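# Inside the fold
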Amino acid sequence: MTNKKLLQSWRWYGPNDPVSLQDVKQAGATGIVTALHHIPHGEVWPLEDIKERQRIIEAEGLTWAVVESVPVHEAIKTDRADAGPFLKNYIQTLENLAACNIKTVCYNFMPVLDWTRTQLDLTMKDGSKALYFDWTDLALFDLFILKRTDAEKDYPASIVANAKQRYDTSTDETRTKLSEVVLMGIPSEEPIGLADLQKSIEVYKEIGTEGLRKNLLKFLAAIAPVCESQGIHMTIHPDDPPYPILGLPRVVSNQDDLLYLVTSEPREFNGLCFCTGSLGAGVNNNIPAILESVKHKVHFAHLRNVKKDEEGNFYEADHLDGDVDMYAVMKILTEENQKRQVSIPFRPDHGHQMLDDLHKISNPGYSAIGRLRGLAELRGLELGILGN
Ligand code: DNO
């Protein structure tokens, strides 16, 4: 009997994505990971819109394998008095997706911002460009642009001193650029402004880590009935980076967080999106060990690598290079996949901007060729492990 392969998938931002579905096919992926980015956060995804997107994907001979993401509205994350209607909408969206047989849904519970970087075009030795996170730049933004109260307490003295020096010698242009990058969130959604971020930071100060954890479990309990009746797997994306930043709490950053989450809400629907890059940026995170402990809950994987320095700054490395032992990860994942009815979808997460893509505009991290390279390397690695 031949071994079962993981489902090779690809994030596609929809018809406006500069990377086309034909490009995806040429890269060799068959599962599409997408979302209806045109629907504002918190609103219902109409059945018709879901069907239309699915029709476009299937017309190319591909399948819509995973929704990434159905965003959780801030009213739910903060458990505001007006959270009710947003929860109702979320449940309706899940019902509509399930009606189209789309049953793996990714989401995150990061306060306000989605992933955070400080630079989108760090030049690698080979001339390609990578996303980068630098603590000194984050501190510069936090202390001197956002001017958060008591922010200096959250950084080592050396970082504060370096940030001050860097700020003093920076130009308005570099400061503006840095702000834009930090506040960017995910492409095609409006970036948040400084004033709104400041307000949210105050709200989350009251909520704290325990409060956020409680709100996450409350959200899961509310969507449990629809997920259970429809056979939906919710897959939470880890915090990126896996640290509290800008005074915002984090609850999905390490092994303890993941174990807490899956044991506190043990029902089948509560699953994980195992993102090796997000977790891999944590200096104490041993990625294969974490995967080993939660593998039975993984219904979606983001495979990418990071290279950290002694301060904890990190850049996104080639998929098989960097600090994450991708061979060990792939081994665990492919073994786990043999136990499954449905193959676990994985996507090459991010990729360097390289070759022709250096002259094109694409969503940061989501140019075609770097991901094509990543996918090719990862599928080769899987084949080498499986032997068929
Ligand atoms: C970044 C992505 C994240 C992810 C969301 C999931 O490239 O991995 O934006 O899609 O956090 O909700």
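Residues numbered from 1 in each chain as written. Predicted model: local features only at pLDDT ≥ 70, side-chain atom pairs only at ≥ 80, totals over all residues. Heavy atoms only, no water.

## What to know about helix H9 (residues 255-264)
Buried within H9 are the following residues: Asp 257, Leu 258, Leu 261 and Val 262. Axial view of H9: buried residues confined to an arc of 120°, hence all on one face. Opposite the buried face of H9, at more than 90 degrees from it, the exposed residues are Asp 256 and Thr 263. In the core, the buried residues of H9 are packed alongside helix H8 (194-230), strand S7 (233-237), strand S8 (270-275), helix H10 (276-280) and helix H11 (287-294). The residue sitting at the N-terminus of H9 and contributing the capping side-chain oxygen is Asn 254; that oxygen lies 3.2 Å from the backbone nitrogen of Asp 256. (Buried < 20%, exposed > 50% of the residue type's maximum accessible area, 1.4 Å probe, protein only. Helix = DSSP H or I, 4+ residues; strand = E, 2+ residues; numbered from the N terminus. Arc of directions from axis to C-beta. Contact = heavy atoms within 4.5 Å. Polar contact = N/O pair within 3.5 Å; in protein donor to acceptor, adjacent residues only side chain to side chain.)

## With respect to the layout of surface pockets
In this structure, the largest pocket spans a volume of roughly 720 Å³. Surrounding the largest pocket, 32 residues form its lining, His 41, Glu 74, Val 112, Glu 189 and Glu 190 being those nearest its centre. Among the elements of the structure, helix H3 (74-77) and H8 are those that each provide at least two residues to the lining of the largest pocket. Per-element accounting of the lining of the largest pocket gives the leading share, four residues, to H8. Here the second largest pocket is characterised by a volume of approximately 430 Å³. Forming the walls of the second largest pocket are 25 residues, and the residues nearest its centre are Leu 120, Val 181, Met 184, Ser 362 and Pro 364. Those elements that provide at least two residues to the lining of the second largest pocket are strand S5 (119-123), strand S6 (129-133) and helix H7 (172-182). Ranked by residue count, the leading element in the lining of the second largest pocket is H7, at four residues. (1 Å grid on protein atoms, 1.4 Å probe; cavity = no way out; pocket = protein on both sides within 12 Å on 5 of 7 lines; lining within 4 Å. Points joined across faces, edges and corners; volume = space filled by probe spheres on them.)

## Brief notes about the sheet that holds S5
Taking strand neighbours across the sheet as the criterion, the four strands line up as S5-S6-S11-S10 in an open arrangement whose pairing is antiparallel. The sheet terminates laterally at S5 and strand S10 (305-308), the two strands that pair on one side only. Across the sheet, the mean angle separating the axes of adjacent strands is 40° when strand polarity is ignored. Direction of pairing for S5 relative to S6: antiparallel, over a ladder of three bridges. Opposite Leu 122, over in S6, you have Ala 130 as the bridge partner. (Pairing = 2+ DSSP bridges. Axes fitted to C-alpha atoms, helices over the stretch in contact; angles between N-to-C directions.)

## Structural notes on the side chain of Ser 170
Locating Ser 170 in the fold gives a position in the loop between helix H6 (157-168) and H7. Since its relative accessible area comes to 18%, Ser 170 is described here as buried. Among the polar contacts listed, one links the side chain of Ser 170 to the backbone oxygen of Tyr 167, at a separation of 2.7 Å.

## Considering the packing of helix H12 (residues 326-338) against helix H13 (residues 368-386)
It is at 10 Å that the axes of H12 and H13 come closest, and there the two elements cross at 65°. Note on packing geometry: the crossing formed by H12 with H13 is right-handed. Contacts between H12 and H13 involve Met 326, Tyr 327, Met 330, Lys 331, Thr 334 and Gln 338 from the first element and Leu 378, Leu 381, Glu 382, Ile 385 and Leu 386 from the second. Within the contact of H12 with H13, the residues separate by chemical class into seven nonpolar, two polar and two charged. (Left-handed = near helix turned anticlockwise from the far one by under 90°. Nonpolar A, V, L, I, M, F, W, Y, C, P; charged D, E, K, R; others polar.)

## Re the site of the ligand
Taken together, 15 residues lie around the ligand, and Glu 68, Ser 69, Asp 114, His 350 and Tyr 366 are the ones closest in. With respect to the ligand, the side chain of Ser 69 contributes an N or O atom lying 2.6 Å from an oxygen atom. Within the contact set of the ligand, an oxygen atom lies 3.2 Å away from a side-chain nitrogen or oxygen of His 237. Relative to its unbound accessible area of 330 Å², the ligand is 99% covered by the protein chains. Of all the cavities here, the one that holds the ligand is the largest cavity. Sort the elements by how many residues they give to the shell around the ligand and strand S4 (residues 104-108) lands first, with three residues. Of the residues assigned to the shell around the ligand, the class counts are six nonpolar, five polar and four charged. (Near = heavy atom within 4 Å. Areas by Shrake-Rupley, 256 points an atom, 1.4 Å probe, with all protein chains shown as cover. Sits in = over half its atoms within 2 Å of the grid points.)

## Digging into helix H4 (residues 83-99)
Taking 1.5 Å per residue, 17 residues should reach 24 Å; H4 reaches 24 Å between its end C-alpha atoms and fits that length. Along H4, the residues classified as buried are Ala 83, Leu 87, Tyr 90, Thr 93, Leu 94, Asn 96, Leu 97 and Ala 98. The elements touched by buried residues of H4 are helix H2 (47-59), strand S3 (63-68), H3, S4, H8 and S7. Positive phi shows up at Asn 101, right after H4, with a value of about 65°. (Expected span 1.5 Å × (residues − 1).)

## So, the sheet that holds strand S9 (residues 298-303)
The strand order around the closed barrel built from eight strands is S1-S2-S3-S4-S7-S8-S9-S12, with neighbouring strands paired in parallel fashion. Averaged over all neighbouring strand pairs, the angle between strand axes comes to 30°, with direction disregarded. Relative to S7, S4 runs parallel, the two sharing five bridges. Note that in S7 the partner of Asn 108 across the bridge is His 237. Strand contacts of H9: S7 and S8, with the helix running at about 160° to S8, the strand carrying the most contacts.

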